[in-house]
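Examining the three-dimensional arrangement
Okay, here's what each chain looks like letter by letter:
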Amino acid sequence: NINLKINGQPVSVAPGSTILEAAEKLEIKIPTLCHFKMDCFHVDHRSASCRICVVEVKGRPNLAPACSTPAAEGMEVHTNTLRAINARRTILDLLLSDHPKDCLICPKNLNCQLQALAQEMGLHHLLYKGEQSTYNKDLSSQAIARDLDKCIMCRRCETACNAIQTVGVLSGVGRGFNAVVAPAGLKPLAETECVFCGQCVQACPVGALSEIDYKYPVWRALNDPAKTVVVQTAPAVRVAIGEAFGLPPGSVSTGKMVTALRMLGFDRVFDTDFAADLTIMEETTELIERIKSGRNLPILTSCCPGWVKFLEHQFPELIYMPSTAKSPQQMFGAITKTYFAQKAGIAPENLTVVSVMPCLSKKYEAAREEFSRDGIRDVDIVISTRELADMIREAGIQFDQLEEGEYDSPLGESTGAAVIFGATGGVLEAALRTAADWIAGEDLQEIDFTGVRGLDGIKEAAVNINGLELHVAVCSGLGNARKLLEKIQKGEADYQAIEIMACPGGCLNGGGQPYHHGDTTILQKRLEALYRDDKSQPVRKSHRNPSIQRLYAEFLGEPGSHFAHQLLHTAYVD
Ligand code: HC0
Ligand code: SF4
């Protein structure tokens, strides 16, 4: 181990540790900005480009960036000498010299790490006034907004897009004052291979990247007397939205969220989890068919639109592999505008389906052409967890004080299998629960497939279902998906079923979730909350959801029927 002193306090760290890590061990806070670390995903971005973390090291002439300077034996570090403080203030002043000061109307207002730094450092006047950039905002996609005037060149988004996701859309463009991180040739995002995972939005410490905001279309629909407005909430939203209102990470806020949605004026509060159970019915039917025929294996899950777009661009030759089942979001829309519309006696054109998703790519998915019939979209408007939290705040609702509400029936009923969709491994586990019962022909009691749980980027398991041995894998993060797909292409991997989610950790870490600023303990708590919620459900297998059974009996026929295919399945673009 390496022994050093920080502000006079001795500390011992493993070789290779930085001054910043040593300081963290002593709970001495050194400000950072460009540094981005997500321990459980092995992400450690230390471009040391912002220099805000400079500290004084005894015997060295220059200040050292704590995030990238290795701790050394006998080192004496001082974090708050006047020289270090003055340097940080000058750096911040220079960073702000060309940064727009419209914090009040910035999408990252109160979530911006630059703003937080200015507040922490008590910066109240600026010495430097630089030239201001004047880029056009990129609002080309349905999902992600880019405002290059706010880019501070920390390159955290580049790490998210290239190192973690291996999509490679964002990189340094231009030189000197004009340098920004952007798609090559400053192309609009909609014209690139961006999959809208939003990991760059989570990584961006400032307002340069944010979501395309659909709150006003939702407010308009809610105030349109001609519309019946139906809302669905994705599995991962309930374990994160509380964070926006000061509840501890890992709180399950389903009941409060339902009450808040009703107070906002939604006519029916339904659950994407219902449709997740439906997806399991269709996808598991397909899995068993493919296993029986031995064709088109492995089956790949297809509910994550970021992952599907990645596959379409990067592995077009594997396009036969994903399940043809639509995602729960889209199945929900299709069922609402047919089955529910008929039951409720409402014309589909007078129904507005709003989704609340942890994901920004869901905005893009809902707008894909194949997900509308006769000009009527399955899902009309998608807002993120953050946008819903904003609406609740705007309406003056005291979220933490709310009573627990219940979803409406019938598209509000769901199972434990559905809620774990929000975590990496959950979709596959839900499918295995149903596949096991169907293959065994009984109501099995062993339903926890713990081998596919946890935040690891690639998980593999062998499961034995009534004598049938299945090899399965789960990946989250597109870099991990790429590794696994390359193994399959080289014939080095043999699986029957693979779940892939674009975001590291799955939807619980979606681009539309409350900002975690790299604190992965928050993600771990969201994960635990989902499995806690599963455990507490009276029904934990999708095919045992009574509303799903009724939907097939009254409307769809059998899983995998011709009609179910018309409504609930899709084809991919190659
Ligand atoms: Fe997910 Fe989904 S689980 S993608 O992560 O499958 O967004 O939460 O809604 O559609 O159900 C996101 C979360 C969903 C869908 C579901 C799936
Ligand atoms: Fe890259 Fe994802 Fe951001 Fe698109 S949304 S630029 S794919 S990180």
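Keep in mind it's a predicted model, so treat the numbers as computed, not measured. The numbering scheme is per chain: residues are counted from 1 as the chain's sequence reads. As they are written, the chains are lettered A onward and the ligands numbered 1 onward, keeping that order. Totals for whole chains, interfaces and linings use every residue, but because this is a predicted model, local features are given only for residues with pLDDT of at least 70 and side-chain atom pairs only at 80 or more, for both listing and counting.

Here we come to the site of ligand 2. Around ligand 2, the surrounding shell holds 14 residues, and the nearest of these are Cys161, Val167, Cys194, Cys197 and Cys200. Listed by contribution, the elements that provide at least two residues to the shell around ligand 2 are α4 (156-164) and α5 (199-203). Along the lines of polarity and charge, the residues of the shell around ligand 2 split into eleven nonpolar, three polar and no charged. Whether a residue is near a molecule or strand depends on its C-beta atom, placed from the backbone, lying within 6 Å of it. Only DSSP runs of H or I covering at least 4 residues are called helices, and only runs of E covering at least 2 are called strands; the numbering of each starts at the N terminus. Just so you know the grouping, Ala, Val, Leu, Ile, Met, Phe, Trp, Tyr, Cys and Pro go in nonpolar, Asp, Glu, Lys and Arg go in charged, and all remaining residues, Gly too, go in polar.

Attention shifts here to the sheet that holds strand β2 (residues 9-13). Where strands meet in a sheet, backbone hydrogen bonds hold them as pairs that are either parallel or antiparallel. In this analysis, strands are considered paired if DSSP registers two or more bridges between them. The strand order across the open sheet formed by five strands is β2-β1-β7-β5-β6, and the pairing between neighbours is mixed. In this open sheet, the two strands that pair with only one neighbour each are β2 and β6 (64-65). Here two bridges tie strand β5 (residues 54-57) to β6, and the two strands are oriented antiparallel to one another. Each bridged residue has a counterpart across the sheet, and for Val55 the counterpart in β6 is Ala64.

Across the sheet, four strands lie side by side as β14-β21-β20-β19; this open sheet has mixed pairing. Only two strands of the sheet have a single partner each, and these edge strands are β14 (299-300) and β19 (458-465). Judged from the two bridges that link them, β14 and strand β21 (residues 497-501) form a sheet pairing that is parallel. Bridged to Ile299 within β21 is Ala497. Residues are scored as being in contact if the C-beta atoms we place from backbone atoms lie within 7 Å. Between N-to-C directions, angles cover 0 to 180 degrees, with each direction set by a line fitted to C-alpha atoms, over the stretch in contact for helices. Strand contacts of helix α14 (residues 426-440): β19, β20 (468-476) and β21, with the helix running at about 10° to β19, the strand carrying the most contacts.

Turning our eyes to something else, we now look at the domain arrangement of the protein. Per the domain assignment, the segments of the protein are domain 1 (2-80), domain 2 (103-211) and domain 3 (216-568). When residues of the side of domain 2 that touches domain 3 are assigned to their parent elements, the largest contribution, three residues, is made by α5. A per-class count over the side of domain 2 that touches domain 3 returns eight nonpolar, nine polar and two charged. For the domain bounds, the source is a domain assignment made automatically or taken from a database.

Pairing geometry for β19 and β20, over eight bridges, is antiparallel. Following the sheet pairing, Ile465 is matched in β20 by Leu468. Hairpin connection, β19 to β20: the antiparallel pair is bridged by two residues, and Asn466 has positive phi, about 50°. Across five bridges, β20 lies against β21 in parallel orientation. Bridge pairing in β21 links Ser476 to Met501. In this view, the connection linking β20 to its parallel neighbour β21 by way of helix α15 (residues 478-489) has right-handed handedness. Handedness is read with the strands pointing away from the viewer; a crossover is right-handed when the path from the first strand over the helix to the second is clockwise.

With that settled, the discussion passes to the site of ligand 1. Around ligand 1 lies a shell of 21 residues, among which Ala234, Ala236, Cys303, Pro328 and Cys507 are the nearest. Of all elements in the fold, only α8 (272-293) and α10 (328-344) reach the threshold of two or more residues within the shell around ligand 1. Of all the elements, α8 adds the most residues to the shell around ligand 1, at three residues. Looking at the shell around ligand 1 residue by residue, the class counts come to 13 nonpolar, seven polar and one charged.

Bringing the environment of Pro65 into the picture now. Relative to the helices and strands, Pro65 resides in strand β6. For the pair Pro65 and Arg51, spaced 14 residues apart in sequence, the C-alpha separation works out to 5.8 Å. If sequence neighbours within four positions are ignored, Pro65 has contacts with Ala48, Arg51, Cys53 and Val54.

Cis peptide bonds are those with omega within 30 degrees of zero, and the linkage from Leu297 to Pro298 qualifies with -5°. By secondary structure assignment, the location of Pro298 is in the loop between α8 and β14. Pro410 follows Ser409 through a cis peptide bond whose omega is 0°. Position of Pro410 among the secondary structure elements: in the loop between α12 (385-394) and α13 (416-419). With a phi angle near 70°, Arg155 is a residue other than glycine that sits in the positive phi range.

Take the packing of α8 against α10 next. Axis separation between α8 and α10 bottoms out at 8 Å; the angle between their running directions is 100°. By the angle between their directions, the pair α8 and α10 is classed as roughly perpendicular. For the pair α8 and α10, contact is made by Thr272, Phe274, Ala275, Ala276, Leu278 and Thr279 and by Pro328, Gln329, Met331, Phe332 and Ile335, respectively. Taken together, the residues of the contact of α8 with α10 sort by class into eight nonpolar, three polar and no charged. Roughly parallel refers to an angle under 35 degrees, roughly antiparallel to one over 145, roughly perpendicular to one between 65 and 115, and oblique to any angle outside these ranges.

What follows deals with the environment of Ala395. As for its placement among the helices and strands, Ala395 is situated in the loop between α12 and α13. Through-space distance from the C-alpha of Ala395 to that of Thr279 is 34 Å; in sequence the pair is 116 residues apart. When near neighbours in sequence (up to four residues on either side) are disregarded, Ala395 contacts Met263 and Leu264.

This paragraph deals with the environment of Cys475. Of note, Cys475 is situated in strand β20. Cys475 sits 241 residues away from Ala234 along the chain, and the two C-alpha atoms are 20 Å apart. Other than its neighbours up to four places away in sequence, Cys475 contacts Gly457, Ile458, Asn480, Ala481, Leu484 and Ile500.

With that out of the way, let us pick up helix α3 (residues 113-120). Counting other C-beta atoms within 10 Å of a residue's own tells you its class, since 20 or more makes it buried, 12 or fewer makes it exposed, and anything in between is partly exposed; those C-beta atoms are placed from the backbone. Among the residues making up α3, those that are buried are Gln113, Leu114, Leu117 and Ala118. Take α3 and look down its axis: the buried residues cluster within an arc of 145°, on one side only. Those residues of α3 that are exposed and angled more than 90 degrees off the buried face are Gln119 and Glu120. Looking at the buried positions of α3, the neighbouring elements they touch are α2 (82-97). Of the residues one or two after α3, Gly122 is the one with positive phi, at around 60°. Directions pointing from the helix axis toward each C-beta atom define the arc.

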